[in-house]
Amino acid sequence: MNISIKEKILSQLINAKGEPVSGQKLADELNISRTMIWKHLKSIEEDGYVIEAIKKKGYVLQSIPDIVTPEQIIPNLNTKQLGRTIDYYTTCESTQIIAADKAREGAPHGTVVIAEEQTDGRGRLDRSWNSTANKGIWMSVIIRPAISPQFAAQFTLVSAVAITQAIQEVTNLTPEIKWPNDILINGKKVTGILTELQADMDIVHSIIIGIGVNVNQELSAFEESIQKTATSLKIENGEEIDRSLLAAKILYYLEKYGDLYVENGFKPIKILWESHNCTIGKRIRATTLRETLEGVALGITNDGVLEIKLDSGEIRGVYSADIHLLGKN
Ligand code: BTX
């Protein structure tokens, strides 16, 4: 990874955790003049960081802006490959479109595209995804696992488990997973996952996992049509959440469970998924592209397929559907 001088200076200021960092020491270590250090510090301040200069001691980072730049995410990142290359945008149409292009151009496993705002965020089946500026995590992760294309859809479930775990760790909230790709808190959607595949018949070139997490929005930030069904982490626990920390944790668990899945198959993920799910045992309506089924969700198979027991007693497996929870059996 190519780290710029500016990123190196910022990283030193962040790692100093409020202690002064000497300008001379920075200049010596980075082999540039004090004037250049000062210019980089000015540029860092223009990005929203507040830096105090203390005579004879150095520079202290007083506050950091709420942004999801690589400089903010990487110090919190505990991964081998995921998020080691981060492509950051203040605004874009959709991180998913940029990531798809990058994947075709050969971007390495683990590349992340992240934006403060999406003007045309996408959900499944070309639905739109509300992506308010500076309030959520809107990111697409390019992964290149050695699996057959037929197993790629299971990465939606792997991602759901990873995001749930990360939210739980950072906020103490208890999210639930509604099969296959919704994460809910108190029955409202806080996260959407869009898994897209670039593959040939028998080989996966890349999977692009689009992750949208509502983090710091107030209810009024959502379009009226979804105000009854959507929520944010802030609405649920009343506190602002550090988005870059949460993004780093999501990447951590995504790498951990992605590796677990590739090495050991779906079984261990299934157990985790089941422990977080709010679908099994419930009466549901499943709308697939072809039909609408009503019955009781029995569970997921070892392939991640949802089994539904219809009122006729017939058991049907669905691979992809919109699920409406109708209440307990
Ligand atoms: P989905 O098809 O399951 O959900 C889309 C539906 O969810 C919409 O039709 C609307 O009813 C509702 N909705 C829209 N925006 C929100 C929101 N912010 N919060 C709650 N509900 C909402 C889910 O598709 C997949 C979403 C993936 C989003 C990520 S963001 C990064 C990446 N880039 C991109 O364009 N998409 C992905």
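Treat the numbers as computed from the prediction; the structure is a model and nothing was measured.

**Some thoughts on the overall build of the chain**
Per the secondary structure count, the chain includes nine helices and 14 strands. In terms of overall dimensions, the chain is globule-like: its C-alpha atoms have a radius of gyration of 22 Å, near the 20 Å expected for 329 residues. With respect to the principal axes defined by its C-alpha atoms, the chain has extents near 80 × 45 × 30 Å. The burial tally for the chain puts 48% of its 329 residues in the buried class. Look at the contacts in the chain between residues 6 or more apart in sequence, and 62% of them connect residues 24 or more apart.

**Quick notes on the UniProt feature "DNA-binding region" (unreviewed entry) in the chain**
Within the UniProt annotation, "DNA-binding region" (unreviewed entry) is assigned to residues 23–42. Regarding residues 23–42, the helix share stands at 85% and the strand share at 0%, and the terminal C-alpha atoms are separated by 13 Å.

**A word on the nonpolar core**
If you look at the biggest cluster of nonpolar residues, it comprises 60 residues, and the most contacted ones within it are Val213 and Leu233. Each of two domains, domain 2 (70–276) and domain 3 (282–328), supplies a minimum of three residues to this core. Beyond its immediate stretch of four places on either side in the chain, valine 213 contacts Gly136, Ile137, Trp138, Ile163, Ile167, Val190, Thr191, Leu233, Leu246 and Ile250. Counting 15 residues, the second largest nonpolar core, distinct from the first, contains Ile9, Ile44, Tyr49 and Ile51.

**Some thoughts on the site of the ligand**
Of all residues adjacent to the ligand, which total 27 residues, the nearest are Ser94, Gln118, Arg122, Arg127 and Asn214. Within the backbone of asparagine 130, a nitrogen or oxygen atom sits 2.9 Å from a nitrogen atom of the ligand. Asparagine 181 is positioned such that a nitrogen or oxygen atom in its side chain is 3.5 Å from an oxygen atom of the ligand. For the ligand, whose free accessible area comes to 780 Å², the fraction covered by protein is 91%. Where the shell around the ligand is concerned, the elements lending two or more residues are helix H5 (95–104), strand S5 (136–143), strand S8 (188–200) and strand S9 (203–214). Residues belonging to the shell around the ligand are distributed by class as follows: eight nonpolar, 14 polar and five charged.

Calculation notes
Residues numbered from 1 in each chain as written. Predicted model: local features only at pLDDT ≥ 70, side-chain atom pairs only at ≥ 80, totals over all residues. Heavy atoms only, no water. Helix = DSSP H or I, 4+ residues; strand = E, 2+ residues; numbered from the N terminus. Rg over C-alpha atoms; globule rule 2.2 N^0.38 Å. Buried < 20%, exposed > 50% of the residue type's maximum accessible area, 1.4 Å probe, protein only. Contact = heavy atoms within 4.5 Å. UniProt positions renumbered as here; feature names shortened; annotations may be inferred. Core = buried A, V, L, I, M, F, W, Y, C linked by side-chain atoms within 4.5 Å. Domains from an automatic or database assignment. Near = heavy atom within 4 Å. Polar contact = N/O pair within 3.5 Å; in protein donor to acceptor, adjacent residues only side chain to side chain. Areas by Shrake-Rupley, 256 points an atom, 1.4 Å probe, with all protein chains shown as cover. Nonpolar A, V, L, I, M, F, W, Y, C, P; charged D, E, K, R; others polar.

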